[in-house]
Amino acid sequence: MPKESYLVGLIGSGIGPSLSPALHEREGDRQGLRLLYRLIDIDSLGMPPEAVGDLVRAARDLGFDGLNITHPCKQLVIEHLDALSPQAEALGAVNTVVFEDGRAVGHNTDVTGFAASFARGLPDAPLERVVQLGAGGAGAAVAHATLTLGAERVIVVDALPERAAALADSLNRAFGQGRAAAAPPERQAELLAHADGIVHATPTGMAAHPGLPLPAGLLHPGLWVAEVVYRPLETELLRTARAVGCAVLDGGGMAAFQAADAFRLFTGCEPDSVRMLADIAELAGDVESSVGGAA
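Residues numbered from 1 in each chain as written. Predicted model: local features only at pLDDT ≥ 70, side-chain atom pairs only at ≥ 80, totals over all residues. Heavy atoms only, no water.

J.: Just to check I follow, could you spell out the pairing of strand β2 (residues 34-41) for this structure?
T.: Each regular strand shows side chains that alternate between the opposite faces of the sheet. Taken together, the eight bridges between strand β1 (residues 5-12) and β2 define a ladder with parallel strand orientation. When the bridges of β2 are listed, Leu7 appears paired with Leu36. Between β1 and its parallel partner β2, the chain crosses via helix α1 (residues 20-30), and the hand of that crossover is right-handed. (Pairing = 2+ DSSP bridges. Helix = DSSP H or I, 4+ residues; strand = E, 2+ residues; numbered from the N terminus. Right-handed = clockwise from strand over helix to strand, strands pointing away.)

Pasting the structure below:
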């Protein structure tokens, strides 16, 4: 039986513009719940990412029901948890922690969130060759989602070659040899010339990390571009891609669907993901959001 009130939060870096508090609190209000969602910004606190374990323990001791975890703590948090869901364990990344009987249990709703958003916003996108930028916590989730959606091959590009190689190895173990490969940023031009689409899963483009994750000249109309960043919804990457004729998908859909799945874990109540999609559009003040799908 669901409780009447919940206290949850988000741990991460530069999370001031996050829409998660409003998303969760609005859905809680509609369901007659008193849900308080607090931001725990390691930058504001002057704490390093490695302090995530102390913050999780403090939140548990203070009576939080759960936490969302974002960049750069999705992988670092794992060693501080008591248990992982099968999906979080397979990914090696956690974006949701639920406190159950004093235990901290890690989950990952990024996979289902991205898959639902992609299927809704780019339903006819070709998936033979996909280049993914970023091999961190979000990258692991969206790469799994992309292969689950039917991508034949995902090539992971990351500034840290060993991180890209580790993710590619884990993907091949999970989906079969040859389904994933790692490549250095120097090969982006060659890879994108023959790719069907780009999945962007780095922090570049976030409010706290503005800019483009790749040279603008590498984009061409034959590509689709799917963004993970959702604050802002209209990143510089999406603006540039749209201008050259790419089909694009913003990060709002993933944000809404992963939040809906986290809301279910926190409260035991069934969220209305369509309403949460509409919330993203309204909160971001952008009618060209994922509510309308690809542009």
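From this point, things continue past the structure.
J.: In this structure, what is going on with the confidence of the model for the protein? I would like to understand it.
T.: Low-confidence regions, as indicated by low pLDDT, have predicted coordinates that should not be scrutinised in detail. Per-residue confidence for the protein gives a mean pLDDT of 93, with 96% of residues at or over 70. When the criterion is pLDDT under 50, residues 286-295 qualifies, and its contacts beyond four places in sequence or with other chains add up to 26 contacts. (pLDDT = per-residue confidence, 0-100. Contact = heavy atoms within 4.5 Å.)

J.: How should I be thinking about the pairing of strand β6 (residues 103-107) in this particular structure?
T.: Most of β6 sits inside the fold, with four of its five residues counted as buried. Pairing analysis gives two bridges linking strand β4 (residues 83-84) to β6, with the strands arranged parallel. Within β6, the residue paired with Leu84 across the bridge is Gly106. As judged from the five bridges shared by strand β5 (residues 96-100) and β6, these two strands associate in the antiparallel manner. Across the sheet, Val98 pairs through a bridge with Val105, a residue of β6. Hairpin connection of β5 to β6: two residues between the antiparallel strands, including Asp101 at a positive phi of 55 degrees. (Buried < 20%, exposed > 50% of the residue type's maximum accessible area, 1.4 Å probe, protein only.)

J.: Would you mind going over the packing of α1 against helix α10 (residues 252-267) with me for this structure?
T.: The axes of two packed helices give the description: the angle between them and the distance between them. Between α1 and α10, the least distance of the axes is 10 Å, while the angle of their chain directions is 55 degrees. It follows that α1 is oblique to α10 by the angle criterion. For α1 against α10, the interelement crossing comes out right-handed. Counted together, Leu23, His24, Glu27 and Gly28 of α1 and Ala255, Ala259, Ala262, Phe263 and Phe266 of α10 form the full contact between these two elements. Here the residues of the contact of α1 with α10 are counted per class, giving six nonpolar, two polar and one charged. (Axes fitted to C-alpha atoms, helices over the stretch in contact; angles between N-to-C directions. Parallel < 35°, antiparallel > 145°, perpendicular 65-115°, else oblique. Left-handed = near helix turned anticlockwise from the far one by under 90°. Nonpolar A, V, L, I, M, F, W, Y, C, P; charged D, E, K, R; others polar.)

J.: Sorry if this is basic, but what is going on with the nonpolar core here?
T.: Looking at soluble globular proteins, one finds that nonpolar side chains tend to be buried together. Judged by nonpolar contacts, the single largest core of 33 residues is most densely connected at Phe114, Phe118 and Trp224. Those elements that provide at least two residues to this core are α5 (110-121), α6 (137-148), β8 (153-157), α7 (161-175) and β11 (224-227). Here this core gets seven residues from one element, more than from any other, and that element is α6. Not counting chain neighbours up to four residues away, the residues in contact with Phe114 comprise Val142, Ala145, Thr146, Val199, Ala226 and Met254. Counting 19 residues, the second largest nonpolar core, distinct from the first, contains Val157, Leu218, Leu219 and Cys246. (Core = buried A, V, L, I, M, F, W, Y, C linked by side-chain atoms within 4.5 Å.)

J.: What am I meant to see in the packing of aromatic side chains here?
T.: Geometry of an aromatic ring pair is reported as the spacing of the ring centres plus the angle between the planes. Tallying each qualifying case throughout the model produces two aromatic pairs. Ring geometry for Phe114 and Phe118: centres 5.9 Å apart, planes at 40 degrees, overall tilted. With Phe114 and Phe118 both in helix α5, this residue pair falls four residues apart, about one helical turn. We classify Phe114 as buried; its relative accessible area is 1%. On the basis of an interplanar angle of 70 degrees and a centroid distance of 5.0 Å, the ring pair of Phe118 and Trp224 is categorised as edge-to-face. Placement of Phe118 in helix α5 and of Trp224 in strand β11 is noted, with a sequence separation of 106 residues between them. Residue Phe118 is classed as buried on the basis of its relative accessible area, which comes to 4%. When its relative accessible area of 3% is taken as the criterion, Trp224 is described as buried. (Phe/Tyr/Trp six-rings, centres within 6.5 Å; stacked < 30°, edge-to-face > 60°.)

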